[in-house]
Amino acid sequence: MGDSAFALDLNDDQKEIREWIHGFAADVIRPAAAEWDEREETPWPVIQEAAKIGLYSLDFYAQQFFDPTGLGIAMTMEELFWGDAGIALSIVGTGLAAVGVLANGTEEQIGTWVPQMYGTPDDVQVAAFCSSEPDAGSDVSAMRTRAVYDEAKDEWVLNGTKTWATNGGIANIHVVVAVVDPELGSKGHASFIVPPGTPGLSQGQKFKKHGIRASHTAEVVLEDVRVPGSCLLGGKEKLDERLARTRERAKQGGERVKNAAMATFEASRPAVGAQAVGIARAAYEVALDYAKDRVQFGRPIIDNQGIAFQLADMRTRIDAARLLVWRASWMAAAGRPFESAEGSMSKLYAGETAKTVTAQAMQILGGNGYTREYPVERMHRDAAIYTIFEGTSEIQRLVIARTVSGSPIR
Ligand SMILES: Cc1cc2nc3c(=O)[nH]c(=O)nc-3n(C[C@H](O)[C@H](O)[C@H](O)COP(=O)(O)OP(=O)(O)OC[C@H]3O[C@@H](n4cnc5c(N)ncnc54)[C@H](O)[C@@H]3O)c2cc1C
């Protein structure tokens, strides 16, 4: 392909992988979706099935993560979440913690901890990324969990309460963001690995949720949790340098410096957008089939413009959302900076699309759409999280508005 060529086609390898994931989503995830939604439990047997075929493994995600076109992860997410969002999040939730280590860890830390997050097909494990706190959701700078260095023992001591952690408490490895210098606000944060079985880490409340109910969400309590110095992601020397630089810049009037949690979110936003695209596409397909079958007033309901135009809008929005996700994914892989917050744009638009399209799908199914006999009410409940987690829609708008205007919009 010449330099001037432009293509949005997936290559043959990608098409093959997509078919394979789609098969798993259709044959294994979908049939299990309603059951695990009702049980509100982590679907371990499905994760094990995924591990057996290599779909839940570091190798697979690393291969997709480093796909030079950037589309590997986007494609994977869309297909898995087309199957079912709650189960798919149980499969990919570990990835957020893995990205936390990839974004901030040394090569040695990545090699030591990331494989353990997945375990093996015979002993499957999950990992958790713990940033949010009861008083620090959108406002990460309000974080209170504290990490204090015990120089004599070369250990860090963590204390605090994390909340909303996907896989929190059931994970073998927790990646915890904590305050190391309270005077620097969100720039005084660092990320730590809490290894399996570390005393002092416990699960608090497990939340009963509106949607994605197969995905475990819980508080994580840290009481005098001691981790070795080597568990500070990036290492002490790099942290000390970064803190010194930040203090210096703060003195000179405060230049913006990225913090550890933000680096994780930036890398994961297009992937989260792709999840929302998968849910929206699933609901759209159900609605399209239903509208062709359902007869009222002597003709299929799709023969009414009122229904057909809605389906046209749904499909258009889904395709637009996917294009934004693919653009941001491609930019990230090509090393282009998100100068207009393209990652946030993709997550904002895809999340809002999933919520809107799943609501339209419920409406097209009428009374059936409102029951658990059909999957669209579950898809609508699942979609609702996509305007909330990984930065709410309002926060995405704030990021986009600040980036494109350069103004300190509040
Ligand atoms: C199911 C689930 C899974 C999650 N998984 C994880 C996880 O694995 N790890 C993790 O660390 N976190 C996780 N989260 C946390 C999630 O990222 C937060 O819920 C999210 O960042 C919002 O924070 P909050 O809930 O405290 O809402 P708040 O920040 O209190 O926001 C409340 C409302 O105010 C709005 N708002 C806040 N500030 C502004 C502003 N400046 N301008 C305009 N509007 C504003 C928000 O948009 C929102 O509508 C999860 C949450 C859920 C529900």
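Residues numbered from 1 in each chain as written. Predicted model: local features only at pLDDT ≥ 70, side-chain atom pairs only at ≥ 80, totals over all residues. Heavy atoms only, no water.

Chemist: Explain the site of the ligand to me, please; I cannot follow it from the model alone.
Modeler: Around the ligand sit 20 residues, and of these Ser132, Ser138, Trp164, Thr392 and Glu394 come closest. Between the ligand and Ser132, the relevant distance is 2.8 Å, taken from a nitrogen atom to a side-chain nitrogen or oxygen of the residue. Between an oxygen atom of the ligand and a side-chain N or O atom of Ser138, the distance comes to 2.6 Å. When the ligand sits alone it has 970 Å² of accessible area, and the protein chains cover 68% of it. Tallied by class, residues from the shell around the ligand come to 10 nonpolar, seven polar and three charged. Built from parts of two domains, the shell around the ligand gets at least three residues from each of domain 2 (127-252) and domain 3 (260-405). (Near = heavy atom within 4 Å. Polar contact = N/O pair within 3.5 Å; in protein donor to acceptor, adjacent residues only side chain to side chain. Areas by Shrake-Rupley, 256 points an atom, 1.4 Å probe, with all protein chains shown as cover. Nonpolar A, V, L, I, M, F, W, Y, C, P; charged D, E, K, R; others polar. Domains from an automatic or database assignment.)

Chemist: Help me understand the side chain of Ser57 in this model?
Modeler: Following the sequence through the fold, Ser57 ends up in the loop between α2 (44-52) and α3 (58-65). Look at Ser57 and you get buried, because its relative accessible area is 18%. Polar side-chain contacts of Ser57 include one of 3.0 Å to the backbone oxygen of Gly54. (Helix = DSSP H or I, 4+ residues; strand = E, 2+ residues; numbered from the N terminus. Buried < 20%, exposed > 50% of the residue type's maximum accessible area, 1.4 Å probe, protein only.)

Chemist: Whenever I open this one, the domain arrangement of the protein confuses me. Can you help?
Modeler: Interface size is commonly expressed as the accessible surface area that is lost when the partners come together. As far as domains go, the protein holds domain 1 (12-124), domain 2 (127-252) and domain 3 (260-405). Distance between the C-alpha centres of domain 2 and domain 3: 31 Å.

Chemist: Even after reading the chapter, I still don't get the UniProt feature "domain: Acyl-CoA dehydrogenase/oxidase N-terminal" (unreviewed entry) in the protein, so can you show me in this structure?
Modeler: The residues that UniProt annotates with the feature "domain: Acyl-CoA dehydrogenase/oxidase N-terminal" (unreviewed entry) are residues 12-117. Between the end C-alpha atoms of residues 12-117 the distance is 30 Å, and the span holds 84% helix and 0% strand. (UniProt positions renumbered as here; feature names shortened; annotations may be inferred.)

Chemist: I would appreciate a short explanation of empty space enclosed by the protein in the present structure.
Modeler: The gaps of empty space that remain are located by a probe, the size of a water molecule, rolled over the atoms. Summed over all chains, the structure comprises one cavity of 30 Å³ or more. In this structure, the largest cavity spans a volume of roughly 40 Å³. Taken together, Phe81, Trp82, Gly83, Asp84, Ala85, Ile279, Ala282, Arg378, Met379 and Asp382 make up the full set of residues lining the largest cavity. Grouping the constituent residues of the lining of the largest cavity by class yields six nonpolar, one polar and three charged. (1 Å grid on protein atoms, 1.4 Å probe; cavity = no way out; pocket = protein on both sides within 12 Å on 5 of 7 lines; lining within 4 Å. Points joined across faces, edges and corners; volume = space filled by probe spheres on them.)

Chemist: When you look at the nonpolar core in this model, what are you seeing that I'm missing?
Modeler: Most often, soluble globular proteins keep nonpolar side chains buried together rather than apart. The biggest cluster of nonpolar side chains holds 109 residues, and the ones touching the most others in it are Tyr56, Leu80, Phe81, Ile91, Met117 and Phe192. Sort the elements by how many residues they give to this core and helix α8 (residues 260-293) lands first, with 14 residues. Residue contacts for Phe192: discarding those within four places in its chain leaves Ala147, Trp156, Leu158, His174, Val175, Val176, Ala178, Val180, Val227, Cys231 and Leu232. (Core = buried A, V, L, I, M, F, W, Y, C linked by side-chain atoms within 4.5 Å. Contact = heavy atoms within 4.5 Å.)

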